[in-house]
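A structural walkthrough
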Amino acid sequence: MQPVAELPVDPADLEYVTSCALPTPWAEFTLHAFIEHSTGKEHLAMVLGDIGNGAPVLARVHSECLTGDVLFSQRCDCGAQLEGALQRIAAEGRGVLLYLRQEGRGIGLLNKMRAYRLQEAGADTVQANEQLGFKPDQRSYGLVAPMLHQFGVQSLRLMTNNPRKIAAMEKMGVPVAERVPLLVNRNVFNQHYLNTKALKLGHMMSPVVATATSDGEQ
Ligand SMILES: Nc1nc2c(ncn2[C@@H]2O[C@H](COP(=O)(O)OP(=O)(O)OP(=O)(O)O)[C@@H](O)[C@H]2O)c(=O)[nH]1
Ligand SMILES: [Zn+2]
């Protein structure tokens, strides 16, 4: 598995735009918006508490998954991870969630749906990307450092199971003081996907087989 691609980001390409209050079921965050001029994409940061005081910040760097984050898809763990991360930040009263618009591990929503069709025909999530002519993971984390710089964040306690994401942070000059596991329940729809993430993409969670009624921790 190759490392996550990293491209240098032109700081002038990312512009801070505006902010507003964002009440959620768990806490009232401040939502900050950035625009990436070269792509037109709107990237977001949800902030709670004083994250610019120098202490490591509980953080989630979340990649967009419209199907999982918004449409309640059980094919992946994204929606549950998004909710779990916000709940943890709220419980601590301090933290940040970056919502990066790199849907489908960077291939976009329509191609992700094409990849899902290939998975319905027997491919796994890595093979499906490759059959469509993409790398297994096309994401980049070059925006993370300039987004965090806006808030004076110096280091992260990063909620992730993805060692390549941690390596990418360090490479982009964002120190990760601690990895905080972000495990969610398995179901019969996501177990094959989660096993592929563990076995082929290197995610730090043990591959197990779920039953129709299983809701055990990974
Ligand atoms: N191409 C493709 N993308 C997917 C698929 N399932 C989920 N995604 C996308 O994968 C991204 C989330 O990546 P994950 O590998 O689940 O998690 P991660 O962010 O790398 O790692 P964690 O920090 O541990 O969650 C989102 O952009 C989803 O839209 C799939 O089958 N194919
Ligand atoms: Zn997802």
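Owing to the predicted nature of the structure, the values given are computational and were not obtained by experimental measurement.

1. Description of the overall build of the protein
Of regular secondary structure, the protein possesses seven helices and seven strands. Secondary structure elements of the protein occur, N-terminal to C-terminal, as β-β-β-β-α-α-β-α-α-α-β-α-β-α. Considered along the principal axes of its C-alpha atoms, the protein spans approximately 45 × 35 × 30 Å. In the protein, buried positions account for 34% of the 218 residues. Nonlocal contacts in the protein, meaning residues at least 24 apart in sequence, comprise 62% of its contacts between residues at least 6 apart.

2. Looking at the nonpolar core
Membership of the largest hydrophobic core comes to 36 residues, with the highest contact counts inside it found for Ala 59, Val 96, Leu 98 and Val 144. Within the residue set of this core, elements represented by two or more residues are strand E2 (28-36), strand E3 (41-48), strand E4 (57-63), helix H2 (78-92), strand E5 (95-100), helix H5 (144-151), strand E6 (156-159) and helix H6 (163-171). The dominant element in this core, judged by the number of residues it contributes, is H2, at five residues. Discounting residues that sit within four places of it in the chain, Ala 59 has contacts with Gly 95, Val 96, Leu 156, Arg 157, Leu 158 and Met 159.

3. Section: the site of ligand 1
The immediate surroundings of ligand 1 are formed by 22 residues, with Ser 63, Cys 65, Thr 160, Asn 161 and Asn 162 found nearest. Elements with a minimum of two residues in the shell around ligand 1: H2, helix H3 (109-120) and helix H4 (125-131). Residues of the shell around ligand 1, tallied by class, amount to six nonpolar, ten polar and six charged.

4. A few points about the pairing of strand E7 (residues 176-180)
The pairing of E6 with E7 spans four bridges and is parallel. Residue Leu 156 lies in a different strand from E7, and its bridge partner there is Val 176. Taken together, E6, H6 and E7 form a β-α-β motif whose crossover is right-handed.

5. A word on the environment of Gln 102
Inspection of the secondary structure puts Gln 102 in the loop between E5 and H3. Overall, the presence of 21 C-beta atoms within 10 Å leaves Gln 102 in the buried class. It is 8.1 Å that separates the C-alpha atoms of Gln 102 and Cys 65, two residues lying 37 residues apart in sequence. Not counting residues within four places of it along the chain, the set of residues in contact with Gln 102 comprises Ser 63, Glu 64 and Arg 139.

6. Quick word on the environment of Ala 115
Its location among the elements puts Ala 115 in helix H3. Since 23 C-beta atoms lie within 10 Å of it, Ala 115 is described here as buried. With twelve residues separating them in the primary sequence, Ala 115 and Gln 127 have C-alpha atoms 8.8 Å apart. Apart from residues lying up to four places away in sequence, Ala 115 is in contact with Thr 125, Ala 128, Asn 129 and Leu 132.

7. A short note on the UniProt feature "binding site: GTP" (unreviewed entry) in the protein
UniProt feature "binding site: GTP" (unreviewed entry): in the numbering of this structure it lies at Arg 60, Val 61, His 62, Ser 63, Glu 64, Gln 81, Glu 103, Gly 104, Arg 105, Thr 125, Thr 160 and Lys 165. These annotated residues cover 106 residues of sequence, and their C-alpha atoms reach 22.6 Å apart at the extreme, placing them across more than a single site. Since 21 C-beta atoms lie within 10 Å of it, Gln 81 is described here as buried. Apart from the residues lying within four places of it in its own chain, the contact partners of Gln 81 are Leu 182 and Val 184.

8. Overview of the sheet that holds E7
As summarised here, the arrangement of the seven strands in space is E1-E2-E3-E5-E4-E6-E7, forming an open sheet in which the pairing is mixed. The open sheet is flanked by strand E1 (14-23) and E7, the only strands paired with a single partner. When the angles between neighbouring strand axes are averaged without regard to direction, this sheet yields 25°. Sheet analysis places E4 next to E5, joined by five bridges and oriented parallel. Residue Val 61 lies in a different strand from E5, and its bridge partner there is Leu 98. Seen against the sheet, H6 touches E4, E6 and E7 and runs at an angle of roughly 165° to E7.

Conventions we followed
Residues numbered from 1 in each chain as written. Chains lettered and ligands numbered in written order. Predicted model: local features only at pLDDT ≥ 70, side-chain atom pairs only at ≥ 80, totals over all residues. Helix = DSSP H or I, 4+ residues; strand = E, 2+ residues; numbered from the N terminus. Buried ≥ 20, exposed ≤ 12 C-beta atoms within 10 Å, placed from the backbone. Contact = placed C-beta atoms within 7 Å. Core = buried A, V, L, I, M, F, W, Y, C linked by C-beta atoms within 7 Å. Near = placed C-beta within 6 Å. Nonpolar A, V, L, I, M, F, W, Y, C, P; charged D, E, K, R; others polar. Pairing = 2+ DSSP bridges. Right-handed = clockwise from strand over helix to strand, strands pointing away. UniProt positions renumbered as here; feature names shortened; annotations may be inferred. Axes fitted to C-alpha atoms, helices over the stretch in contact; angles between N-to-C directions.

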